[in-house]
Amino acid sequence: MTFLSHSGFRVAILQLTVTADKSTNVAIAVERIRMAKINGCTLAILPECFNAPYDTTLFRQYAEVIPGGKTCNALSQAAKLNQMYVVGGSIPEICDEKVYNTCTVWDPDGNLIAKHRKVHLFDVSIPGSTCFKESDAMSAGNTLNTFQLGKFKIGLGICYDIRFSEMAALYRKQGCDMLIYPGAFCTEIGPLHWSLLTRFRAMENQAFVAVASPARVTDSSYVAWGHSMIVDPWGKVLGEATEKDMDLYRDLDFGVRENIRRQIPTEYQRRTDMYDTIDMTNKINN
Ligand SMILES: O=C(O)CCC(=O)C(=O)O
C-alpha cells in the first residue's frame, strides 16, 4: 500500500548505475520505480542525467524532446502503472537546437506536471582537481519550478543549483515544504560540500531536502560521489546512501516542519527592511 496521508508520504531515492546504453538506463529506472511502489512509496526520485553519461561531448547525442521522447514516455508509463509521483532526475533535452539539463515530474496518471531546466550551469575550474564546463554543451533554464504533491509543495533544482541559496529562498517564500535536487557531485568536491549544502538548504529553509545521485562508477569519465540523501527541516539526515548502487526509502512526516517553523520562527523574524534583495515577481512556475 502507498503511504500518503495528511501528514506525509514515503519517498524513494533511486541511486542507480548509469551506463552508456540509454535503453538499459531507462529500463533500470522503470524497474526501480516498480520496486519503490512495492515498498509503499508515493514519490520516486531519479538522479541527474540518469539516462546518459554525464559528459559534455555526449549530451547532444543522447538528447530527447520533452515530452514525447523515449525516456519521457517510459517515465509517464511507469508513473501511471505504479500510481506514483516520479521526479525524473534529469535528462539532456533538445529544444530549438539547444540542449538543456532538464528534470521532469510525472503524476500518478502519467501527466507531466512540472519541468525544470537547470538554471545554474556547472562551470568550474579547480587546477589539479575538477574542470568542467557544462555551458560548452548546455543552455541554462530561466525559470524556477514547483509542483504539488497532495497538500505539499515541492521546489525543483538540479545539482549546481543547490549552491545558490537565493533560489532555495525563493522556494521558501513560495511556501515549499520540500526541495528536490537530482545531482551528481564529483569525488573531489562531494566529500566536503554535498552533505553540507544539503543539510544547510534544509536547515535555513526549514524544509525537507532530497538529493539523488547516480551510483559511483569508477571507470567512467565523470565519477559521481553517490551518497544520495534525505534531510529533514532540522538538518537531520534521515537517510544517506553509500557510493554503491542502492535505493533509500524513508517516511517523511511534515509535522516536523510545522513544529520547527513554530519553535524557531525565522520566517517571521527576517529584517527584510534591512536586507531583502530578492524580488520574486513572476519568477516561479507553479
Ligand atoms: O557543485 C558541484 O560541486 C557539482 C555540480 C555538478 O556536478 C553539476 O552541476 O552537475
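Quantities reported herein were computed from a predicted structural model and do not represent experimental measurements.

S.K.: Would you take a moment to explain the overall build of the protein for this structure?
M.R.: Secondary structure summary: the protein contains seven helices and 16 strands in total. Here the C-alpha coordinates of the protein stretch approximately 50 × 50 × 35 Å along the principal axes. A buried classification covers 53% of the 286 residues belonging to the protein. Partitioning the intrachain contacts of the protein with sequence separation of at least 6 by distance along the chain shows that 69% fall at a separation of at least 24.

S.K.: Explanation requested: the packing of aromatic side chains in the structure shown.
M.R.: In this description, an aromatic ring pair is defined by two values, namely the gap between the centres and the angle between the planes. By the definition in use, this model includes twelve aromatic pairs. A centroid spacing of 5.8 Å and a plane angle of 55° characterise the contact between F9 and F152, whose relative ring orientation is tilted. You can see F9 sitting in strand β1 (residues 8–15) and its partner F152 sitting in strand β10 (residues 152–156), a full 143 residues away along the chain. Here F152 falls in the buried class, since its relative accessible area comes to 3%. Among the aromatic residues, ring-to-ring pairing joins Y54, F59, F122, F132, Y160, F164 and Y222 into one connected group. We note R117 situated over the ring of Y100; from NZ or CZ to the ring centre the distance is 3.9 Å.

S.K.: Is there a simple way to explain empty space enclosed by the protein in this structure?
M.R.: Where empty space is left in the structure can be found by rolling a water-sized probe over the atoms. Evaluated as defined, the whole model comprises one cavity of 30 Å³ or more. In this structure, the largest cavity spans a volume of roughly 50 Å³. Taken together, F122, C159, Y160, R163, A184, F185, C186, I189 and Y222 make up the full set of residues lining the largest cavity. Considered class by class, the residues forming the lining of the largest cavity number eight nonpolar, no polar and one charged.

S.K.: Is there a simple way to think about helix α5 (residues 190–205) in this case?
M.R.: Because each turn of an α-helix spans 3.6 residues, side chains separated by three or four positions end up pointing in the same direction. With 16 residues, α5 extends 22 Å from end C-alpha to end C-alpha; this agrees with the ideal 22 Å at 1.5 Å per step. The secondary structure elements touched by the buried residues of α5 are α4 (165–173), β11 (178–182), β12 (208–212), β13 (229–231) and α6 (255–263). Just downstream of α5, Q206 is the residue with a positive phi angle, here 50°.

S.K.: Looking at this structure, how should I read the site of the ligand?
M.R.: The local shell around the ligand consists of E48, Y54, K118, F122, C159, Y160, R163, A184, F185, I189 and Y222. Between an oxygen atom of the ligand and a main-chain N or O atom of Y160, the distance comes to 3.0 Å. R163 has a polar side-chain atom sitting 2.6 Å from an oxygen atom of the ligand. Burial of the ligand by the protein chains amounts to 100% of its free accessible area of 290 Å². Here the ligand is seated within the largest cavity. Class assignment of the residues belonging to the shell around the ligand gives a composition of eight nonpolar, no polar and three charged.

S.K.: Any chance you could explain the environment of L16 here in plain terms?
M.R.: Residue placement: L16 occurs in the loop between β1 and α1 (22–38). Separated by 24 residues in the primary sequence, L16 and G40 have C-alpha atoms spaced 19 Å apart. The residues touching L16, leaving out its near neighbours within four places in the chain, are I28, A29, R32, L46, P47, F50, S213, P214, A215 and D245.

S.K.: Sorry, what's going on with the packing of α1 against helix α3 (residues 70–82) here?
M.R.: In helix packing, the relevant descriptors are the interaxial angle and the interaxial distance, both defined with respect to the helix axes. α3 packs onto α1 with a crossing angle of 15° between their chain directions and a minimal axis gap of 10 Å. The orientation of α1 with respect to α3, classified from their angle, is roughly parallel. Here α1 runs over α3; the crossing is right-handed. Contacts between α1 and α3 involve K22, V26, V30, I33, R34 and K37 on the former and, on the latter, T71, A74, L75, A78 and N82. Partitioned by chemical class, the residues of the contact of α1 with α3 number six nonpolar, two polar and three charged.

S.K.: Help me out: how do you make sense of the sheet that holds β12 in this one?
M.R.: By way of backbone hydrogen bonds, the strands of a sheet pair with one another, either parallel or antiparallel. Spatially, seven strands are ordered β14-β13-β12-β11-β10-β9-β16 in an open sheet, and the strand pairing comes out mixed. If you trace the sheet from one side to the other, it starts and ends with β14 (237–240) and β16 (284–285), each paired once. The strands touched by α4 are β9 (144–149), β10, β11 and β16; relative to β9, the strand with the most contacts, the crossing angle is about 40°.

S.K.: Before we go on, may I ask you to explain the pairing of β11 in this structure?
M.R.: In regular strands, side chains alternate between the two faces of the sheet. With five of its five residues buried, β11 lies for the most part within the structure. Here β11 shows a buried face lined by M178, I180 and P182 and a second buried face lined by L179 and Y181. Both β10 and β11 contribute to a ladder of three bridges, which runs parallel. By the bridge assignment for β11, G155 is matched with L179. Considered for its hand, the β-α-β crossover made up of β10, α4 and β11 is right-handed. In terms of strand pairing, β11 meets β12 through five bridges, oriented parallel. Within β12, the position partnered with M178 by the bridge is F208. Tracing the backbone out of β11, into α5 and back to the parallel element β12 gives a crossover that is right-handed.

How each quantity is defined
- Residues numbered from 1 in each chain as written.
- Predicted model: local features only at pLDDT ≥ 70, side-chain atom pairs only at ≥ 80, totals over all residues.
- Heavy atoms only, no water.
- Helix = DSSP H or I, 4+ residues; strand = E, 2+ residues; numbered from the N terminus.
- Buried < 20%, exposed > 50% of the residue type's maximum accessible area, 1.4 Å probe, protein only.
- Contact = heavy atoms within 4.5 Å.
- Phe/Tyr/Trp six-rings, centres within 6.5 Å; stacked < 30°, edge-to-face > 60°.
- Lys NZ or Arg CZ within 6 Å of the ring centre and 35° of its normal.
- 1 Å grid on protein atoms, 1.4 Å probe; cavity = no way out; pocket = protein on both sides within 12 Å on 5 of 7 lines; lining within 4 Å.
- Points joined across faces, edges and corners; volume = space filled by probe spheres on them.
- Nonpolar A, V, L, I, M, F, W, Y, C, P; charged D, E, K, R; others polar.
- Expected span 1.5 Å × (residues − 1).
- Near = heavy atom within 4 Å.
- Polar contact = N/O pair within 3.5 Å; in protein donor to acceptor, adjacent residues only side chain to side chain.
- Areas by Shrake-Rupley, 256 points an atom, 1.4 Å probe, with all protein chains shown as cover.
- Sits in = over half its atoms within 2 Å of the grid points.
- Axes fitted to C-alpha atoms, helices over the stretch in contact; angles between N-to-C directions.
- Parallel < 35°, antiparallel > 145°, perpendicular 65-115°, else oblique.
- Left-handed = near helix turned anticlockwise from the far one by under 90°.
- Pairing = 2+ DSSP bridges.
- Right-handed = clockwise from strand over helix to strand, strands pointing away.

Function cannot be inferred from these measures alone, as they are strictly geometric.
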